Amino acid sequence: MKKIINPWKGLEGYNCFGCAPNNEAGVRMEFYEDGEEIVSIWKPRPEYQGWIDTLHGGIQAVLLDEICAWVVLRKLQTTGVTSKMETRYRKSIDTKDSHVVLRASIKEIKRNIVIIEAKLYNKDGEVCTEAVCTYFTFPQEKARKEMHFLQCDVEPEEILPLI
């Protein structure tokens, strides 16, 4: 796996709830490229619970939506917006778990519409939540002008993320 370089790190005003590293209220996700998949390893925290010791479903949706956006950034080298997200909750996630793993990849592309499949696994590798995101992608010129997006690269060396 190779760590994906956040193209907005250091950009003034950048405070994304999903991926900004300095947003204390956010989930501060980081991403890796593993072949055709984008991967994130994330640590649940008690402030993101719904029921006692249970990760809130809305936070799970945020994690899945965010990783789908990063599939577009890295694999298609542009930005866009989620236009639809179908989420299936299969198993609860304990906020005391050491980590969860998210994996996402492109299922289908139709011009500027991309269908992305994402899964959220608990620390034992069980699928807990699945999502299919329909993403409307922007032309690269619009991504550059309006989203300050130039490119999404990876670090040169292969790494094994700490779990």
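Looking up the protein chain in an unreviewed UniProt entry gives the name Thioesterase domain-containing protein, with the organism given as Bacteroides finegoldii CL09T03C10.

**A look at the packing of aromatic side chains**
Considering all chains together, one arrives at five aromatic pairs under this definition. Judged by centre distance (6.2 Å) and plane angle (35°), the rings of Trp 8 and Tyr 14 are tilted. Both residues of the pair, Trp 8 and Tyr 14, belong to the buried class. Clustering of aromatic rings is evident, with ring pairs tying together Trp 8, Tyr 14 and Phe 149. Taking NZ or CZ as reference, Lys 142 lies 4.8 Å from the ring centre of Phe 138, over its face.

**Details of the pattern of salt bridges**
All chains considered together, the criterion is met by 18 salt bridges. Asp 124 is the partner of Lys 123 in a salt bridge, and the nearest nitrogen-oxygen pair spans 3.3 Å. Classification of Lys 123 as partly exposed rests on a relative accessible area of 37%. We note a salt bridge from Lys 142 to Glu 146, for which the minimum N-O separation is 3.2 Å. On the criterion of helical spacing, the pair formed by Lys 142 and Glu 146 is a turn pair, its members being four residues apart in helix α2 (residues 140-147). You can call Lys 142 partly exposed: its relative accessible area is 30%. In the salt-bridge network here, residues are joined through shared partners; they are Glu 33, Arg 74 and Lys 75.

How each quantity is defined
- Each chain has its residues counted from 1, following the order in which its sequence is written.
- For a predicted model such as this one, the threshold for reporting local features is a pLDDT of at least 70, and the threshold for listing and counting side-chain atom pairs is 80 or more; totals across whole chains, interfaces and linings nevertheless cover every residue.
- Heavy atoms from the whole structure form the basis of all side-chain values; hydrogens and water molecules are not counted.
- By convention, a stacked pair of Phe, Tyr or Trp rings (six-membered ring in the case of Trp) has centres within 6.5 Å and planes under 30 degrees apart, an edge-to-face pair has planes over 60 apart, and any other such pair is tilted.
- When accessible area is computed with a 1.4 Å probe and restricted to protein chains, residues below 20% of their type maximum are described as buried, those above 50% as exposed, and intermediate ones as partly exposed.
- Here, a charge over a ring is recorded when the distance from Lys NZ or Arg CZ to the ring centre is within 6 Å and its angle to the ring normal is within 35 degrees.
- By convention in these notes, a salt bridge is any Lys or Arg side-chain nitrogen within 4 Å of a carboxyl oxygen on Asp or Glu.
- Strands here mean DSSP runs of E at least two residues long; helices mean DSSP runs of H or I at least four residues long; both are numbered from the N terminus.

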